[in-house]
Amino acid sequence: MSDAIGPGDLVLCVNAAPNHVTGRPVPLQAGETYRVTGVMDFACPCGRSDALLDVGVDFAWCQTRFRLLPKPKAETKTRRVSAPKETEKVR
């Protein structure tokens with residue numbers, strides 16, 4: 001999964017359970033999105049992931065806590081342009 005996630009991607013926190021290594025509570029909120037600032041190719045001590053994600057909260061988190069959100073697709077919008085009406089002068 002670490003190949004799919006990169007810096008700048010948006011991820012959804014799906015697991016805000018206590019830290020599975022130390023047992024301490026985590027400052028992450030389930031259901032909130034975070035922007036990935038870095039991916040560290042380091043196996044998590046839990047053995048469930050091959051990378052740790054830096055989302056700007058504390059240090060780094062196991063990637064199993066997050067799901068990658070799809071990138072927004074660019075939408076083209078048709079804009080209405082107002083142009084002055086041309087008038088002919090009649091004598």
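Residues numbered from 1 in each chain as written. Predicted model: local features only at pLDDT ≥ 70, side-chain atom pairs only at ≥ 80, totals over all residues. Heavy atoms only, no water.

(A) Main features of the sheet that holds strand β2 (residues 33–35). Strand order in the open sheet formed by 3 strands is β2-β1-β6, and the pairing between neighbours is antiparallel. Of all strands in the sheet, those with a lone pairing partner are β2 and β6 (66–68), marking the two edges. Across this sheet, the average inter-strand angle for adjacent strands is 35°, counted without regard to direction. Pairing of strand β1 (residues 10–13) with β6, which is carried by 3 bridges, proceeds in the antiparallel orientation. (Pairing = 2+ DSSP bridges. Helix = DSSP H or I, 4+ residues; strand = E, 2+ residues; numbered from the N terminus. Axes fitted to C-alpha atoms, helices over the stretch in contact; angles between N-to-C directions.)

(B) Up close: the sheet that holds strand β5 (residues 61–62). Taken in spatial order, the 3 strands make up an open sheet running β3-β4-β5, and their pairing is antiparallel. The strands lining the two open edges of the sheet, one partner per strand, are β3 (38–40) and β5. Relative to β5, strand β4 (residues 52–54) runs antiparallel, the two being bridged by 2 bridges. Bridging across to β5, L53 finds its partner in W61.

(C) Inspection of the pairing of β1 at higher detail. Here β1 shows a buried face lined by V11 and C13 and an unburied face lined by L10 and L12. Pairing of β1 with β2 involves 3 bridges; the strand directions are antiparallel. Directly across from V11, in β2, lies its bridge partner Y34. (Buried < 20%, exposed > 50% of the residue type's maximum accessible area, 1.4 Å probe, protein only.)

(D) Summary view of the environment of T64. Tracing the backbone through its elements, the reader meets T64 in the loop between β5 and β6. Spatially, the C-alpha atoms of T64 and R91 are 80 Å apart, while their sequence positions differ by 27 residues. Leave out the neighbours within four places in its chain, and T64 touches V14, R48 and S49. (Contact = heavy atoms within 4.5 Å.)

(E) Quick peek at the side chain of Q63. When you line up the elements, Q63 lands in the loop between β5 and β6. On the basis of relative accessible area, Q63 is assigned to the buried category, the value being 5%. Polar side-chain contacts of Q63 include one of 2.9 Å to the side chain of D50. (Polar contact = N/O pair within 3.5 Å; in protein donor to acceptor, adjacent residues only side chain to side chain.)

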